[in-house]
Amino acid sequence: MQQDKEYVGFAALPNQLHRKSVKKGFDFTLMVAGESGLGKSTLINSLFLTNLYEDRQLPEASARLTRTLTIERRGVEIEEGGIKVKLTVVDTPGFGDSVDCSDCWLPVVRFIEEQFEQYLRDESGLNRKNIQDSRVHCCLYFISPFGRGLRPLDVAFLRAVHEKVNIIPVIGKADALMPKETQALKQKIRDQLKEEEINIYQFPDCDSDEDEDFKRQDAEMKESIPFAVVGSCEVVRDGGTRPVRGRRYSWGTVEVENPHHCDFLNLRRMLVQTHLQDLKEVTHDLLYEGYRASCLQSLARPGARDRTSRSKLSRQSATEIPLPMLPLAETEKLIREKDEELRRMQEMLEKMQAQMQQSQTQGEQSDTL
Amino acid sequence: FENEELRNLSLSGHVGFDSLPDQLVNKSTSQGFCFNILCVGETGIGKSTLMDTLFNTKFESDPATHNEPGVRLKARSYELQESNVRLKLTIVDTVGFGDQINKDDSYKPIVEYIDAQFEAYLQEELKIKRSLFNYHDTRIHACLYFIAPTGHSLKSLDLVTMKKLDSKVNIIPIIAKADTIAKNELHKFKSKIMSELVSNGVQIYQFPTDEETVAEINATMSVHLPFAVVGSTEEVKIGNKMAKARQYPWGVVQVENENHCDFVKLREMLIRVNMEDLREQTHTRHYELYRRCKLEEMGFKDTDPDSKPFSLQETYEAKRNEFLGELQKKEEEMRQMFVMRVKEKEAELKEAEKELHEKFDLLKRTHQEEKKKVEDKKKELEEEVNNFQKKKAAAQLLQSQAQQSGAQQTKKDKDKKK
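Residues numbered from 1 in each chain as written. Chains lettered and ligands numbered in written order. Predicted model: local features only at pLDDT ≥ 70, side-chain atom pairs only at ≥ 80, totals over all residues. Heavy atoms only, no water.

Caption draft 1: The arrangement of the overall build of chain A in detail. Counting secondary structure elements, chain A contains 11 helices and 9 strands. Per-residue burial for chain A yields a buried fraction of 44% across its 369 residues. Contacts spanning at least 24 positions in sequence make up 68% of the contacts within chain A whose residues lie at least 6 apart. Counting only carbon and sulfur atoms, one obtains 50% of the accessible surface of chain A, whose full area is about 21,800 Å². (Helix = DSSP H or I, 4+ residues; strand = E, 2+ residues; numbered from the N terminus. Buried < 20%, exposed > 50% of the residue type's maximum accessible area, 1.4 Å probe, protein only. Contact = heavy atoms within 4.5 Å. Areas by Shrake-Rupley, 256 points an atom, 1.4 Å probe, with all protein chains shown as cover.)

In structure tokens form, the structure reads like this:
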């Protein structure tokens with residue numbers, strides 16, 4: 001076959017995509033959750049090389065006794081090599097602080113769902129030019145290194161959010177653990193996650209045509225989940241060696257970016273360099289779609305809402321969608337389930353009554369005989 | 001018997017009563033000592049490891065999981081010996097502390113346990129035939145409270161729990177797993193904790209500074225509270241010696257190196273200097289408080305409204321009589337109630353019996369009536385049958401007569417024709 005010497009030019013597509021995305025910029029919402037004192041803020045500062053928490057006030061123990069969870073958002077624009085990223089970090093101060101932590105995770109679930117609702121509304125609107133994506137793309141969940149694995153509170157939180165957000169479990173302050181302790185704890189956590197059927201973010205498999213090095217790196221990274229991290233805002237300058245970001249102890253210095261000391265590099269590479277886009281895609285294609293489907297399904301069922309609002313949803317205008325509709329999806333489902341139960345119980349009751357009557361008449365007959 | 005003024009006399013020779021302390025020591029040593037430590041802290045914080053490290057031995061135990069439904073206390077006793085001194089050591093652990101989602105009741109089992117040991121001692125003390133010298137004292141002498149090394153402040157659970165325990169036991173707060181706190185952060189963390197304890201009115205154990213021999217060391221050590229400790233039973237080669245340590249890729253933390261952590265200080269304070277004072281404080285302060293509260297609850301007072309001292313015996317007698325009187329009254333009540341119930345039941349039964357009889361009579365009557373009806377009908381039927389038979393017979397007769405006359409007629413007719 002004659003080789004075609006003519007050049008069409010669509011090989012330039014990737015470049016065009018690159019230019020467009022650079023121009024558009026990226027936005028990413030990262031949630032950090034876990035008990036106080038596990039190094040969350042320090043890690044965020046280390047990851048993005050900023051100081052996001054300068055003005056933070058930590059409450060006293062007595063103030064924490066009945067502290068409820070609040071959601072705090074901090075935004076920062078970071079730029080590197082011409083690429084702009086609008087990063088939003090969502091914090092959950094107060095998580096696990098009070099003596100009674102029952103249901104303390106509900107505000108977080110509510111928050112994540114609200115972002116989905118907002119997007120659903122925007123997506124169904126007439127003017128879709130400037131949709132702001134405030135959905136949470138990833139949740140870094142911090143596990144304590146001082147215990148023996150996941151605690152009941154950890155499990156409760158993860159189960160409440162695992163179908164709604166990409167979870168990446170992380171062991172905070174990992175410099176409390178010797179290497180073999182780290183391995184044991186990681187294995188324990190992995191086992192517990194499987195036992196409790198908690199779905200964490202799954203790294204996609206690499207393509208078979210990638211080179212061996214990349215595959216090896218990828219496999220290593222997958223095996224080191226949950227990431228055991230150490231964060232630091234200090235740069236340690238020891239005499240002869242080069243300055244490193246680390247924590248200085250009397251017995252040595254932990255280097256944050258040393259892969260033998262902790263998994264910080266792995267986490268950063270995965271979160272920022274290789275999988276940021278995938279996290280956004282999974283959030284959009286899987287988690288958001290799941291939410292949207294269950295929302296619309298519950299609206300389309302008979303008895304849930306009247307005809308008029310149903311037809312309204314298919315020809316939309318953001319202002320016409322009755323606002324309280326979406327949040328009630330869950331309660332509608334519950335109501336329907338309860339109705340079903342009631343109906344079943346009524347049927348059973350009737351059956352039992354009929355039986356009783358029968359046996360009564362039989363009894364009467366035998367009495368008279 | 002008047003209280004005379006004590007006069008100071010000087011001796012002209014050596015009598016020998018300066019051996020009294022030695023006699024005391026010898027006696028105590030031969031009896032053996034007993035010490036009870038309570039370790040309060042979250043699962044996995046290092047309680048067992050620290051005990052192993054402090055006493056240079058491996059106390060066997062299964063590590064607990066985070067899935068305990070509530071807090072429970074586990075006590076284990078061990079016999080240790082060093083030189084010629086025997087120590088009966090009891091270590092009490094709080095299993096499941098800090099794991100539940102709702103920790104409102106977490107402190108309760110701990111308080112109950114401490115009170116139970118006081119109660120046991122009180123009971124022994126109040127016995128008529130008692131053997132206090134032989135008594136195995138299970139009261140908690142020291143409570144090591146393990147604070148998690150968050151670097152921020154105390155947790156809310158810590159505050160609540162320590163407030164409930166500070167009037168019942170000698171609390172010694174320690175920072176556990178301290179090899180996670182860098183030197184510059186440690187000082188800030190320690191002062192934050194101490195100021196929080198003070199501002200919330202938590203009374204921790206004060207190392208005694210009244211006795212000259214220990215005043216100095218206690219004073220210097222107190223400055224370092226809460227002690228930041230690291231525990232380890234594994235040994236690592238340092239130089240040419242083996243030492244208890246934790247080996248990290250970035251360095252080795254030596255447990256007994258005072259630059260690395262306060263383990264040595266804790267051991268010094270807890271065991272080598274103040275163990276006896278801890279026991280004494282437990283008995284003279286915490287136990288006395290418990291005893292006083294308990295007896296006041298029971299109604300005992302030291303002085304009556306006229307400020308005359310009550311004798312325990314009189315009070316006891318009075319209480320006893322009161323109690324017996326109440327018992328009797330209750331017994332009477334119960335007896336009366338019993339009698340009443342019996343009467344009620346009897347009446348019920350009689351009613352039921354009467355009803356049964358009536359029913360029986362009714363049935364009998366009905367039966368008889370039915371029987372009579374049946375017999376009447378039978379008679380009627382028989383009569384009818386009889387009538388019928390008669391009619392039948394009559395009819396037959398007529399028929400045969402008719403036949404006969406008919407036959408006769410034809411015969412006559414026949415004869416006439418001839």
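Caption draft 2: Molecular detail of the overall build of chain B. A tally of helices and strands in chain B yields 9 helices and 9 strands. The globule rule puts the C-alpha radius of gyration for 418 residues at 22 Å, and the 49 Å found for chain B is more than 25% above it. Seen through its C-alpha atoms, chain B measures out along the principal axes to roughly 190 × 75 × 45 Å. Among the 418 residues that make up chain B, the fraction classed as buried is 35%. Sequence separation of at least 24 residues holds for 68% of the intrachain contacts in chain B that already meet a minimum separation of 6. Surface exposure of chain B reaches about 28,300 Å², of which carbon and sulfur atoms provide 52%. (Rg over C-alpha atoms; globule rule 2.2 N^0.38 Å.)

Caption draft 3: Just the interface of chain A and chain B, in detail. Facing the 47 residues of chain A at the interface are 47 residues of chain B. Roughly 3,900 Å² is buried in total at the junction of chain A and chain B, and carbon and sulfur atoms are behind 53% of that figure. By the criterion of area lost to chain B, the three top residues of chain A are Phe-146, Arg-148 and Trp-251 of chain A, representing 22% of everything that side buries. Where chain A packs against chain B, one counts 6 salt bridges. Where chain A touches chain B, the interface holds 21 residue pairs in polar contact (both at pLDDT 80 or more). (Buried area = accessible area lost by both parts, 1.4 Å probe. Salt bridge = Lys/Arg side-chain N within 4 Å of Asp/Glu carboxyl O. Polar contact = N/O pair within 3.5 Å; in protein donor to acceptor, adjacent residues only side chain to side chain.)

Caption draft 4: Fine view of the packing of aromatic side chains. Overall, the coordinates contain 18 aromatic pairs over all chains when judged by the stated rule. Taking the centre distance of 5.1 Å and the plane angle of 85° together, the rings of Tyr-119 of chain A and Tyr-288 of chain A count as edge-to-face. Separated by 169 residues along the polypeptide, Tyr-119 of chain A in helix α4 (residues 106-123) and Tyr-288 of chain A in helix α9 (residues 276-300) bring together distant segments of the chain. Each of the two residues, Tyr-119 of chain A as well as Tyr-288 of chain A, counts as buried. Taking 5.2 Å as the distance between ring centres and 70° as the angle between the ring planes, the aromatic pair formed by Tyr-201 of chain A and Phe-203 of chain A counts as edge-to-face. Each member of the pair, Tyr-201 of chain A as well as Phe-203 of chain A, carries the same accessibility label: buried. Here the aromatic cluster, defined as three or more aromatic residues joined through ring pairs, consists of Phe-118, Tyr-121, Tyr-135, Tyr-287 and Tyr-290 of chain B. A cation sits over an aromatic face here: Arg-135 of chain A above Tyr-288 of chain A, 4.8 Å from the ring centre. Lying over the aromatic face of Tyr-121 of chain B, Arg-139 of chain B brings its terminal NZ or CZ to 3.6 Å of the ring centre. (Phe/Tyr/Trp six-rings, centres within 6.5 Å; stacked < 30°, edge-to-face > 60°. Lys NZ or Arg CZ within 6 Å of the ring centre and 35° of its normal.)

Caption draft 5: Spatial organisation of the confidence of the model for chain A. In this model, chain A carries a mean pLDDT of 83, and residues with pLDDT of at least 70 account for 88%. Counting interchain partners and residues more than four positions distant, the pLDDT-below-50 stretch residues 303-326 of chain A has 27 contacts. (pLDDT = per-residue confidence, 0-100.)

Caption draft 6: Looking closely at the nonpolar core. Grouped together as the largest cluster of nonpolar side chains are 160 residues, with contacts concentrated most on Leu-140 and Ile-168 of chain A. With 8 residues, helix α3 (residues 107-126) of chain B is the largest single contributor of residues to this core. (Core = buried A, V, L, I, M, F, W, Y, C linked by side-chain atoms within 4.5 Å.)

Caption draft 7: Representation of the pattern of salt bridges within the structure. Residue and element names in this part refer to chain A. Applying the stated rule across the entire model yields 44 salt bridges over all chains. Measuring nitrogen to oxygen at the nearest pair gives 3.3 Å for the salt bridge that ties Asp-91 to Arg-74. Of this pair, Asp-91 sits in strand β3 (residues 83-91) while Arg-74 sits in strand β2 (residues 72-80), placing them 17 residues apart in sequence. Here Arg-74 falls in the buried class, since its relative accessible area comes to 15%.

Caption draft 8: Just the packing of α4 of chain A against α9 of chain A, in detail. Residues and elements named next belong to chain A. The N-to-C vectors of α4 and α9 enclose an angle of 85°; their axes lie 10 Å apart at closest approach. Taken as axis vectors, α4 and α9 run roughly perpendicular relative to one another. Note on element contacts: α9 touches α4 through Thr-283, His-284, Leu-287, Tyr-288, Tyr-291, Arg-292 and Cys-295, opposite Glu-113, Phe-116, Glu-117, Tyr-119, Leu-120 and Glu-123. Residue composition of the contact of α4 with α9, by class: 7 nonpolar, 2 polar and 4 charged. (Axes fitted to C-alpha atoms, helices over the stretch in contact; angles between N-to-C directions. Parallel < 35°, antiparallel > 145°, perpendicular 65-115°, else oblique. Nonpolar A, V, L, I, M, F, W, Y, C, P; charged D, E, K, R; others polar.)

Caption draft 9: Examining the environment of Lys-24 of chain A more closely. Here Lys-24 of chain A shows up in helix α1 (residues 13-24). For Lys-24 of chain A and Val-108 of chain A, which are 84 residues apart along the polypeptide, the C-alpha to C-alpha distance reads 29 Å.

Caption draft 10: Representation of the pairing of strand β4 (residues 142-147) of chain B in the model. All names here are of chain B. Most of β4 is tucked away: 6 of the 6 residues are buried. Side chains Ala-142, Leu-144 and Phe-146 of β4 all project onto a buried face; the interleaved residues Cys-143, Tyr-145 and Ile-147 project onto the opposite face, where all are buried too. Relative to β4, strand β1 (residues 33-40) is paired through 4 bridges, and the arrangement is parallel. Bridge assignment links Cys-39 to a residue of β4, and that residue is Leu-144. (Pairing = 2+ DSSP bridges.)

Caption draft 11: View of the packing of helix α2 (residues 47-54) of chain B against helix α7 (residues 263-273) of chain B. Residues and elements named next belong to chain B. For the pair α2 and α7, interaxial distance at closest approach is 11 Å and the crossing angle is 70°. Judged by the angle between their axes, α2 and α7 are roughly perpendicular. The residues of α7 that touch α2, namely those facing Leu-50, Thr-53 and Leu-54, are Phe-263, Leu-266, Arg-267, Leu-270 and Ile-271.

Caption draft 12: Structural context of the pairing of strand β1 (residues 26-33) of chain A. Residues and elements named next belong to chain A. The element β1 is extensively covered by neighbouring structure, given that 6 of its 8 residues are classed as buried. Relative to β3, β1 runs parallel, the two sharing 7 bridges. In the sheet register, Thr-29 faces β3, and the bridge partner there is Thr-88. Pairing geometry for β1 and strand β4 (residues 138-143), over 4 bridges, is parallel. Opposite Met-31, over in β4, you have Cys-139 as the bridge partner.

Caption draft 13: The arrangement of the sheet that holds strand β7 (residues 235-236) of chain A in detail. Residues and elements named next belong to chain A. Taken in spatial order, the 3 strands of this open sheet run β7-β8-β9, and their pairing is antiparallel. The strands lining the two open edges of the sheet, one partner per strand, are β7 and β9 (252-255). Here strand β8 (residues 244-249) runs beside β9; their pairing, made up of 4 bridges, is antiparallel. Directly across from Gly-246, in β9, lies its bridge partner Glu-255.

Caption draft 14: The arrangement of the UniProt feature "site: Important for dimerization" (unreviewed entry) in chain A in detail. In this numbering, the UniProt entry assigns the feature "site: Important for dimerization" (unreviewed entry) to Phe-146 of chain A. Within the element layout of this structure, Phe-146 of chain A appears in the loop between β4 and α5 (152-161). Residue classification places Phe-146 of chain A among the buried residues on the basis of a relative accessible area of 2%. Beyond its immediate stretch of four places on either side in the chain, Phe-146 of chain A contacts Arg-151, Lys-173 and Ala-176 of chain A together with Thr-43, Gly-44, Ile-45, Pro-149, Lys-177 and Thr-180 of chain B. (UniProt positions renumbered as here; feature names shortened; annotations may be inferred.)

Caption draft 15: Layout of the side chain of Thr-253 of chain A. Locating Thr-253 of chain A in the fold gives a position in strand β9. If near-sequence neighbours (up to four positions away) are discounted, Thr-253 of chain A is found in contact with Val-236, Asp-238, Arg-247, Arg-248 and His-261 of chain A together with Trp-250 of chain B.

Caption draft 16: Broad picture of α1 of chain A. Residues and elements named next belong to chain A. The end-to-end C-alpha distance of α1, which contains 12 residues, comes to 16 Å, matching closely the 16 Å that a straight helix rising 1.5 Å per residue would cover. With 0 of 12 residues buried, α1 lies mostly on the surface of the structure. The positive-phi residue at the C-terminal boundary of α1 is Gly-25, with phi of around 85°. (Expected span 1.5 Å × (residues − 1).)

Caption draft 17: Focus on unusual backbone geometry. Following Ile-225 of chain A, the chain continues to Pro-226 of chain A via a peptide bond in cis, the omega torsion being 0°. A cis geometry characterises the amide bond from Leu-225 of chain B onward to Pro-226 of chain B, with omega recorded as -10°. For Pro-226 of chain B, the location among the structural elements is in the loop between α6 (212-222) and β6 (227-228). Of note in the backbone geometry, Lys-173 of chain A takes a positive phi value of approximately 45° without being a glycine.

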